[in-house]
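The residues making up each chain are set out below.
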Amino acid sequence: MTPTLQGKCILVGVSGGIAAYKVVEVVSRLVKLGASVHVLMTRAATKLVAPLTFQAISGNPVRVELMQEQTTGHVDHVNLSHQADLLIIAPATANTIANLAGGHASDWITVVALGVRCPVLVVPAMEAEMYAHPLTQRNIATLTGLGWRVMEPEEGRLASGLYGKGRMPEPEAIVAEALKLLQPRRDLEGRRVLITAGTTWEALDPVRFISNRSTGKMGYALAAAAAARGADVTLVSGPSSLPKPPGVRFVGVESCLQMLEACLEAFPGTDITVGAAAPADYRPAVYHEQKIKRQGQRLVLELVENPDIMAELGRRKRPGQVTVAFAAETANLVENARAKLVAKNADFVVANDVTAEGAGFGTDTNRVTFVTATEVEELPLLSKAEVADRILDKAVSLLGR
Ligand code: PMT
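Keep in mind it's a predicted model, so treat the numbers as computed, not measured.

About the thresholds
- Numbering of residues starts from 1 in each chain and follows the order in which that chain's sequence is written.
- Whole-chain, interface and lining totals are the exception, using all residues; otherwise, since this is a predicted model, local features are given only for residues with pLDDT of at least 70 and side-chain atom pairs are given and counted only at 80 or more.
- Only hydrogens and water are set aside; all other atoms, that is, all heavy atoms of the structure, feed into the side-chain values.
- Labels follow the DSSP assignment, with helices taken as runs of H or I lasting at least four residues and strands as runs of E lasting at least two, numbered in each case from the N terminus.
- Relative accessibility decides the category of a residue: with a 1.4 Å probe and only protein chains considered, values under 20% of the type maximum give buried, values over 50% give exposed, and everything between is partly exposed.
- Contacts were defined at the residue level, with two residues in contact if any of their heavy atoms lie within 4.5 Å.
- Here a residue counts as near a molecule or strand whenever at least one of its heavy atoms sits within 4 Å of it.
- Under the rule applied, a polar contact is a pair of N or O atoms within 3.5 Å (in protein, one hydrogen donor and one hydrogen acceptor; residues adjacent in sequence only if both atoms are side-chain atoms).
- Surface accessibility in these figures is a Shrake-Rupley result with a 1.4 Å probe; residues are shielded only by whichever protein chains are displayed.
- Residues are grouped as follows: Ala, Val, Leu, Ile, Met, Phe, Trp, Tyr, Cys and Pro are nonpolar; Asp, Glu, Lys and Arg are charged; all remaining types, including Gly, are polar.
- Two aromatic rings from Phe, Tyr or Trp, using only the six-membered ring of Trp, form a pair when their centres are within 6.5 Å; if the ring planes differ by under 30 degrees the pair is stacked, by over 60 it is edge-to-face, and anything between is tilted.
- A ring is scored as having a charge over it whenever the NZ atom of a lysine or the CZ atom of an arginine sits within 6 Å of its centre and within 35 degrees of its normal.
- Being paired, for any two strands, means DSSP has found at least two bridges between them.
- Handedness rule for crossovers: strands pointing away from the viewer, path from the first strand over the helix to the second running clockwise, crossover right-handed.
- Working convention: axes come from line fits to C-alpha atoms, limited for helices to the stretch in contact. Angles between N-to-C directions cover 0 to 180 degrees.
- Any carboxyl oxygen of Asp or Glu that lies within 4 Å of a side-chain nitrogen of Lys or Arg is treated as forming a salt bridge with it.
- In plain words, nonpolar cores are sets of buried Ala, Val, Leu, Ile, Met, Phe, Trp, Tyr and Cys residues tied together by side-chain atoms within 4.5 Å.
- Throughout, the term roughly parallel applies to angles under 35 degrees, roughly antiparallel to angles over 145, roughly perpendicular to angles from 65 to 115, and oblique to all others.
- Helix crossings fall into two classes, left-handed where the near helix is turned counterclockwise from the far one by less than a right angle and right-handed where it is turned clockwise.
- Working rule for helices: expected span equals 1.5 Å times residues minus one.

Next up on the list: the environment of Asp281. Mapped onto the elements of the fold, Asp281 is located in the loop between β13 (272–275) and β14 (282–284). Look at Asp281 and you get exposed, because its relative accessible area is 58%. What Asp281 contacts, discounting residues up to four positions off in sequence, is Val304, Glu305 and Asn306.

What follows is the structure in structure tokens.
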């Protein structure tokens, strides 16, 4: 079926990179698919492609100067931001990315980016050193942390004549990504998905517990993504301050034993289970009914092992059920993940180097590697929302086996 963008309003922000000429083709394709396209240009971009070109292709006036008479009595940038179904920023130069990450409102692109309520697609294009620079990478991480989709540039010949990673992806790929963002998949319709999220509290006495740094962000992103794709989702969550994702069955628990009980109840009949939680491996051997008092000497705690929830679910798995375990590691990522793949009878493991920049506990981004018995697939630094979708993509591909 040919995709259609009929009735969609797409804003295309063009900043001053040589790849701006390729964006004419992007706009043309979007218009042919039926979208109403409005182009916003930085002044630098107008040196590379004339606004008139974009005006002719889009059939709409092109916005360059912020302080201009307005076409309506309302504040134009607010109107435009609120109408938008998608904002694409292509090419996104290092300067525009820095301005976006800094929250600046210095041109049409940055002003509109601060006002939109729709998905944002950022398409970086620049010289390889600029793209690889830690400042640019930090700025990109800020944008992905907002849930924006940042495409990876391609490797090839750059404007300088040098070769490296920095080329803007081809118009076809940009439009395909736009379609993905505008037409969310419903490939989990009729499927039951179980997600575990967050930490557990292992009580020592009425006021103290043993825990870890998991906030629930990764698991909540998975639950939200699965619900958006049409699944009937049960989210079993340890203590977390995050708002409950809408449209999911929420089961709040405190300890690993409680998490196990909730998972055992939900597991039969589930199609996909993802263990993103960080349940404690140990709990205190003794729970003290009264608050433990200082005794002026060393206190030795005895811990006993908690059940391994994902291993327990792996044992009960029926043909057709897909289970995905995480592996939070600080060393020997793939080796340890492979051991967990077997121990938990999982279909694949999402290996998480929790020492990597922008990855692991509490961050809005994550850098993970999918590990199976025969394959290792490293993903780039992505927002947790994007990681969640990639995990679900892989799980869905295994469902039919
Ligand atoms: O919550 P965030 O702040 O967003 O952080 C995300 C995260 C770092 C917690 C997440 O990305 C992650 O890596 N989760 C797995 C944490 C963990 O417990 O890893 P592990 O390697 O110890 O455990 C391996 C697997 O067994 C995991 O699927 C885990 O859920 C599961 N497990 C662990 C212990 C236990 N008692 N029962 C389990 O089922």
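Anyway, onward from the coordinates.
Another point: the site of the ligand. The environment of the ligand is formed by 29 residues, the closest being Thr215, Gly275, Ala277, Lys340 and Asn352. A distance of 3.0 Å is found between an oxygen atom of the ligand and a backbone nitrogen or oxygen belonging to Ala328. The fraction of the free accessible surface of the ligand (770 Å²) that becomes covered by protein chains is 96%. Mapped by element, the contributors of at least two residues to the shell around the ligand are α10 (217–228), α12 (309–316) and β16 (322–329). Here the element with the most residues in the shell around the ligand is β16; it accounts for 4 residues. Within the shell around the ligand, the residues separate by chemical class into 15 nonpolar, 8 polar and 6 charged.

Our focus in this paragraph is the packing of aromatic side chains. This structure, assessed with the given rule, holds 3 aromatic pairs. For the ring pair Tyr220 and Phe250, a centre distance of 6.4 Å and an interplane angle of 70° mean the geometry is edge-to-face. Of the two residues, Tyr220 sits in helix α10 while Phe250 sits in strand β12 (residues 249–252), which places them 30 residues apart along the sequence. In this structure Tyr220 comes out as buried when scored by relative accessible area, which is 6%. Judged by relative accessible area, which is 29%, Phe250 ranks as partly exposed. Its end group placed over the ring of Trp108, Arg63 keeps NZ or CZ at 5.5 Å from the ring centre.

The next subject is the sheet that holds strand β3 (residues 86–92). Taking strand neighbours across the sheet as the criterion, the 5 strands line up as β2-β1-β3-β4-β5 in an open arrangement whose pairing is parallel. Only two strands of the sheet have a single neighbouring strand rather than two, namely β2 (36–41) and β5 (149–150).

To continue, consider the pairing of strand β17 (residues 348–353). Among the 6 residues in β17, 5 count as buried, and that is most of the element. The sheet contact formed by β16 and β17 spans 6 bridges and is parallel. Paired with Val324 across the two strands is Phe348, which belongs to β17. Regarding topology, helix α13 (residues 333–343) serves as the crossover connection from β16 to the parallel β17, and that connection is right-handed. Two strands pair when backbone bridges link them, and β17 and strand β19 (residues 368–371) are joined in this way by 4 bridges, in the antiparallel orientation. When the bridges of β19 are listed, Val349 appears paired with Val371.

For the rest of this paragraph, the subject is the sheet that holds strand β8 (residues 192–197). Pairing within the open sheet is mixed, and its 8 strands lie in the order β12-β11-β8-β13-β16-β17-β19-β20. Looking along the sheet, the strands with just one partner apiece sit at the ends: β12 and β20 (376–378). The mean angle between the axes of side-by-side strands here comes to 15°, regardless of whether they run parallel or antiparallel. Along the sheet, helix α11 (residues 256–266) contacts β8, β11 (232–237) and β12; its crossing angle with β8, the most-contacted strand, is approximately 175°.

On to the pattern of salt bridges. Evaluation of the coordinates by the stated rule reveals 25 salt bridges. With a shortest N-O distance of 2.8 Å, Arg229 and Asp187 are connected by a salt bridge. Taken as a pair, Arg229 in the loop between α10 and β11 and Asp187 in the loop between α9 (171–182) and β8 lie far apart in primary sequence, 42 residues in all. Residue classification places Asp187 among the partly exposed residues on the basis of a relative accessible area of 31%. We note a salt bridge from Asp205 to Arg208, for which the minimum N-O separation is 2.5 Å.

Below, the discussion takes up the nonpolar core. Counting residues in each nonpolar core, the largest one holds 35 residues, and the members touching the most others are Leu222 and Ile391. Those elements that provide at least two residues to this core are β8, α10, β11, β13, β16, β17, β19 and α14 (384–399). Broken down by element, the residue count for this core peaks at 8 residues, all from α10. Discounting residues that sit within four places of it in the chain, Ile391 has contacts with Met218, Leu222, Val274, Val324, Phe326, Phe348, Val350 and Phe370.

The subject of this paragraph is the packing of α11 against α12. As a packed pair, α11 and α12 sit with axes 10 Å apart at the nearest point and diverge in direction by 25°. When the interaxial angle is binned, α11 and α12 end up roughly parallel. Here α11 and α12 pass one another in a crossing that is right-handed. Together, Cys256, Met259, Leu260, Cys263 and Leu264 of α11 and Ile309, Glu312, Leu313 and Arg316 of α12 make up the contact between the two elements. Of the residues in the contact of α11 with α12, the class split is 7 nonpolar, no polar and 2 charged.

Turning our eyes to something else, we now look at the side chain of Arg63. Residue placement: Arg63 occurs in the loop between α3 (51–58) and α4 (76–83). We classify Arg63 as buried; its relative accessible area is 10%.

Before going further, it helps to examine helix α8 (residues 134–145). Taking 1.5 Å per residue as the helical rise, α8 with its 12 residues ought to reach 16 Å, and the 16 Å between its terminal C-alpha atoms agrees with that figure. By the burial criterion, the buried members of α8 are Thr136, Asn139, Ile140, Ala141, Leu143 and Thr144. Those residues of α8 that are buried are in contact with α5 (94–101), β4 (120–124), α7 (128–132), β5, β18 (365–366) and β21 (382–383).

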